[in-house]
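The chain contents come next:
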Amino acid sequence: DGVPLNIGGGLSSGRNPLNFLNPADISSITVLKDASATAIYGSRGANGVLLITTKSGSSNEPAFSVSSNYSSSTVVKRPDMLTGDQYRAAAAVYAPANLPLLGTENTDWVDRVLRVSGGAEHNLAVSGKREDMRYRLSMGVLDQNGILLGTGAKRLTTSATYSDLLLNDRLELRANFKGSRNDDVYTPGGVLGSATFMNPT
């Protein structure tokens, strides 16, 4: 909405610096690259610029919008792992000295760290237009579990936009307020890789 945000320059400490925006509030995204970006933003636009415009009121009467989305995620193809019995059989052939150190269990560690995850997103908005004044209020809630145990994301967003034409269409007053709380819980890198090397016994 005309406010420059430098991605990676302290905007957000999360993995996705634009996660404070609710996708349901976005009206359009325009990509500027090459000369068109540097002509407007100088050296800051050397890697390209995304112009994100959020929604505003348009209809004369108050319009309400409600949406809910539910999702489920799972791993389609998991790596083929040796069972405990197969691991012990291989150790008996290639490392018989290690057999006394092996356990008696059959544990699939990849299966232990993965899960079928679910998520839900709910959005509520009211917008309208009265003479030369437009407004829109919205709220969104996201609760998404990750497919790795202990991971997930929660987001609460609020948005309020107001615009009014003053002085016979020669001056416009705009106000745009956005609030967001993000809880992004993720495990350090290498958890899944470590699970593939764990002793299955």
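Going by the structure above, here's the rest.
Reading the values: rules and limits
Residues numbered from 1 in each chain as written. Predicted model: local features only at pLDDT ≥ 70, side-chain atom pairs only at ≥ 80, totals over all residues. Heavy atoms only, no water. Helix = DSSP H or I, 4+ residues; strand = E, 2+ residues; numbered from the N terminus. Rg over C-alpha atoms; globule rule 2.2 N^0.38 Å. Buried < 20%, exposed > 50% of the residue type's maximum accessible area, 1.4 Å probe, protein only. Contact = heavy atoms within 4.5 Å. Areas by Shrake-Rupley, 256 points an atom, 1.4 Å probe, with all protein chains shown as cover. Phe/Tyr/Trp six-rings, centres within 6.5 Å; stacked < 30°, edge-to-face > 60°. Lys NZ or Arg CZ within 6 Å of the ring centre and 35° of its normal. Arc of directions from axis to C-beta. Pairing = 2+ DSSP bridges. Axes fitted to C-alpha atoms, helices over the stretch in contact; angles between N-to-C directions. Patch = residues over 30% accessible without salt bridge, like charges linked within 9 Å, V, L, I, M, F, W, Y side chains within 5 Å. Salt bridge = Lys/Arg side-chain N within 4 Å of Asp/Glu carboxyl O.

A few words on the overall build of the protein. What the protein contains, in helices and strands, is four helices and seven strands. Reading the helices (α) and strands (β) of the protein from amino to carboxyl end gives β-α-β-β-α-α-β-β-β-β-α. Taking 17 Å as the expected radius of gyration for a compact globule of 201 residues, we find that the protein reaches 26 Å, considerably beyond that expectation. Projecting the C-alpha coordinates of the protein onto the three principal axes gives extents of approximately 90 × 40 × 25 Å. Within the protein, buried positions represent 22% of all 201 residues. Expressed as a percentage of contacts within the protein between residues at least 6 apart in sequence, the contacts between residues at least 24 apart total 63%. Summed over its atoms, the accessible surface of the protein is roughly 13,800 Å², and 56% of this surface lies on carbon and sulfur atoms.

As a further point, take the packing of aromatic side chains. This model, assessed by the stated rule, comprises zero aromatic pairs. If you follow Arg112 out to its NZ or CZ, it ends over the ring of Trp109, 5.9 Å from the centre.

Now for helix H2 (residues 84-94). Where H2 is concerned, the buried positions are Gly84, Arg88 and Ala91. End-on, the buried residues of H2 take up no more than an arc of 60 degrees, which puts them together on one face. Facing away from the buried side of H2, by more than 90 degrees, are the exposed residues Val93 and Tyr94.

This brings us to the environment of Ala24. Here Ala24 shows up in the segment before strand S1 (26-32). The sequence separation of Ala24 and Val110 amounts to 86 residues, and the corresponding C-alpha distance is 35 Å. Dropping the residues within four chain positions of it, Ala24 is found in contact with Lys55, Asn123 and Arg136.

This part is about the sheet that holds strand S4 (residues 117-130). In spatial order, the strands read S3-S4-S5-S6-S7; together these five strands make up an open sheet with antiparallel pairing. Looking along the sheet, the strands with just one partner apiece sit at the ends: strand S3 (63-73) and strand S7 (171-185). Across the sheet, the mean angle separating the axes of adjacent strands is 5 degrees when strand polarity is ignored. Sheet topology note: the strand S6 (residues 152-166)/S7 ladder contains 15 bridges and is antiparallel. Bridge assignment links Thr157 to a residue of S7, and that residue is Ser180.

Residues Tyr162, Leu166, Leu171 and Leu173 make up a contiguous nonpolar surface patch of about 320 Å² in total accessible area. Residue placement: Leu173 occurs in strand S7. Under the relative-accessibility criterion, Leu173 is labelled partly exposed at 44%.

A word on the pattern of salt bridges. Applying the stated criterion across every chain yields a total of seven salt bridges. Of the charged contacts in the structure, one is a salt bridge between Arg155 and Glu121, with a shortest N-O distance of 3.5 Å. Pair noted here: Arg155 is in strand S6 and Glu121 is in strand S4, with a separation of 34 residues, a long-range link. Its relative accessible area of 17% is what places Glu121 among the buried residues. Three or more residues joined by partner-sharing salt bridges are found here, namely Arg134, Glu172 and Arg174.

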